[in-house]
Each structure stands twice: as C-alpha cells, then as structure tokens.
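In case you want the letters, here they are:
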Amino acid sequence: DTAVSQTPKYLVTQMGNDKSIKCEQNLGHDTMYWYKQDSKKFLKIMFSYNNKELIINETVPNRFSPKSPDKAHLNLHINSLELGDSAVYFCASSQDLGNGDYTFGSGTRLTVV
Amino acid sequence: EDQVTQSPEALRLQEGESSSLNCSYTVSGLRGLFWYRQDPGKGPEFLFTLYSAGEEKEKERLKATLTKKESFLHITAPKPEDSATYLCAVKNSGYSTLTFGKGTMLLVSP
C-alpha cells in the first residue's frame, strides 16, 4: 500500500488549460504539503494544510488553489496554465506541524506546451 | 529568511572511496536539520534528523553530524546503490515547513 499517492504521474497540457493533481495519504498524518521542484531540482514549499485548514500559503500565483476535503486528501487545482508552471509537483505529509520527518509522494511531472 | 546551501553540487566517487557532503545553514532558531535522499523519478526519502550541535546519527554507510553552522553527511566506503541526490533541509522555531537546499548529486562508480 502506497503511503502517499499522487495522480496523475505525468501531465502534458496546453497553455491556458485548467488541471488538477490529487494526493492521498494513508498514514493517519495531520499535516499535508505541496512542494514544487523546478528544472534545477530545487524544492520549494507552496502550501501546507493541517487537519484540512490552510496554514502556509507561500508566494504562489492565485491560479493555484489547493483543497483539502479531509485530512487524508490534498488536491491542487491550477487555472490558466503557463509555460513556467512546468515542473514536478510533490505532495508530502507529516504526523503534525512540528514534525520534519515528511513522507513524500512520487511526484507529478507537469509539462505545459 | 532561512537559507540552506549545499556543496558540492555534484560528486563522483569510486566504489569504496569515502567522502563528505556539506550543508551550511542560516536559520532563526533551529528546530531541526534533516537529511533526505532522492532517487531519479521519485520523491525525497527521509534519512536523519539532527537537533543540536554535536549530535550524530548513523545508518549503514552514512553518518550525519551537526555544528552550529553546518552539517556533514559522511559516506564511508560507498557502493553504487548509494548514488542519489542528497538533500538537506532546516526547520525553524515556528510551525514552519522545511526549507531545502539544492542538493548534492552523488554518483558512485563500480
């Protein structure tokens, strides 16, 4: 059983489209995150949620909207996709906000053409 | 703002050739320094947490150490399966998320 699962693994889409990435964790963790890894492999935090509540929203365009229907799920919706959105997006979870031992999903490679 | 700098960016070793990776950090109140391993096409995998200067953690051929300004990941007699990108991250005193460095890509040749 995969601890943190993301779908889809690959996503190729045209500029201007809207797309969603889904994430689910079966670890019973309270906190979930979205990270973006750019072409230089730099991992940067986008959002964090704790028990379905948005805690951290870094400087991310408002075209990106996270949603957490329950503490096991954190989805990411992206409107009006741009070329610069091409990256690998990782979902992660941790037991609670104070914990730095994250479990990451295997990533979603988004390519905008 | 928390900062993490890793060096070198890439490191090539022969099997059995020991070496160290460096992670220097600036953080307002360190709440933990974390090492992760990332294989190509996969998400980072947690290795170690270090909380205070002088602390050391070991796992197989890896040993992580911490001072007040930097951390080292020592790799003893590496094997090809140790090839990966090693990421360092810090957490500050608040309920913050991890701030990652850019990683060191390690390649161990047989």
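Keep in mind that this is a model prediction, so the values were computed, not measured.

Chemist: Describe the state of the cysteines, with residues and values.
Modeler: All names here are of chain B. Enumeration according to the criterion identifies two disulfides over all chains in this entry. Put simply, cysteine 23 and cysteine 88 are joined by a disulfide, and their sulfur atoms are 1.9 Å apart. Residues cysteine 23 and cysteine 88 are joined through a disulfide that is left-handed, its torsion about the S-S bond being -65 degrees. Residue cysteine 23 is located in strand S3 (residues 19–26), and its partner cysteine 88 is located in strand S9 (residues 84–91); the two are separated by 65 residues in the primary sequence. As far as the burial class goes, cysteine 23 and cysteine 88 line up, both buried.

Chemist: Just give me the short version of the nonpolar core, but keep the residues and values in it.
Modeler: Membership of the largest hydrophobic core comes to 23 residues, with the highest contact counts inside it found for Leu33, Trp35, Leu73 and Tyr86 of chain B. When contributions to this core are tallied by element, the ones reaching two or more residues are strand S2 (10–14), S3, strand S4 (32–38), strand S5 (45–50), strand S7 (62–66), strand S8 (70–75), S9 and strand S11 (104–109) of chain B. Sort the elements by how many residues they give to this core and S9 of chain B lands first, with four residues. In this structure, leucine 73 of chain B is in contact with Ser19, Ser20, Leu21, Trp35, Phe48, Leu62, Lys63, Ala64 and Tyr86 of chain B, ignoring residues within four places of it in sequence. Membership of the second largest hydrophobic core comes to 20 residues, among which are Cys23, Tyr49, Cys91 and Leu110 of chain A.

Chemist: Describe the packing of aromatic side chains, and please don't skip the residues or the numbers.
Modeler: All told, the structure shown has twelve aromatic pairs over all chains when counted by the stated rule. Members of the aromatic cluster, each reached through a chain of ring pairs, are Tyr33, Tyr35, Phe90, Tyr102 and Phe104 of chain A together with Tyr36, Phe46 and Phe100 of chain B. Directly above the aromatic system of phenylalanine 42 of chain A lies the positively charged group of lysine 102 of chain B, at a separation of 5.7 Å from the ring centroid.

Chemist: Just give me the short version of the sheet that holds S3 of chain B, but keep the residues and values in it.
Modeler: Neighbouring strands of a sheet are bound in pairs by backbone hydrogen bonds; such pairs are parallel or else antiparallel. Residue and element names in this part refer to chain B. Pairing is antiparallel across the open sheet formed by five strands, whose spatial order is S1-S3-S8-S7-S6. In this open sheet, the two strands that pair with only one neighbour each are strand S1 (3–7) and strand S6 (56–59). On average, each strand axis in the sheet is inclined to that of its neighbour by 15 degrees, with strand direction left out of account. Note that S6 and S7 share four bridges and pair antiparallel. Each bridged residue has a counterpart across the sheet, and for lysine 59 the counterpart in S7 is leucine 62.

Definitions and limits used
The residue numbers shown here count from 1 along each chain, following its written sequence. Think of it this way: whatever chain is written first is A, whatever ligand is written first is 1, and the rest follow in order. With pLDDT at 70 or above as the cut-off, local features in this predicted model cover only qualifying residues; side-chain atom pairs require 80 or more to be listed or tallied, and sums for whole chains, interfaces and linings still use all residues. For the side-chain quantities, the full set of heavy atoms in the structure was used; hydrogens and water were omitted. Note on terminology: pairs of cysteine sulfur atoms within 2.5 Å are recorded as disulfides. Only DSSP runs of H or I with at least four residues qualify as helices, and only runs of E with at least two residues qualify as strands; both kinds are numbered from the N terminus onward. Throughout this description, buried means an accessible area under 20% of the type-specific maximum (1.4 Å probe, protein chains only), exposed means over 50%, and partly exposed covers the range between. Here, nonpolar core means buried Ala, Val, Leu, Ile, Met, Phe, Trp, Tyr and Cys residues that are tied together by side-chain atoms lying within 4.5 Å of each other. Residue contacts are defined here by distance: any two heavy atoms, one from each residue, within 4.5 Å place the two residues in contact. Planes of paired rings set the category: under 30 degrees apart is stacked, over 60 is edge-to-face and the rest tilted, where pairs are Phe, Tyr or Trp rings (Trp by its six-membered ring) whose centres lie within 6.5 Å. Charge-over-ring contacts are defined here by two conditions on Lys NZ or Arg CZ: a distance within 6 Å of the ring centre and an angle within 35 degrees of the ring normal. Between any two strands, pairing holds if DSSP finds at least two bridges. Orientation is described by lines fitted to C-alpha atoms, with helices fitted over the stretch in contact, and by angles between N-to-C directions that extend from 0 to 180 degrees.

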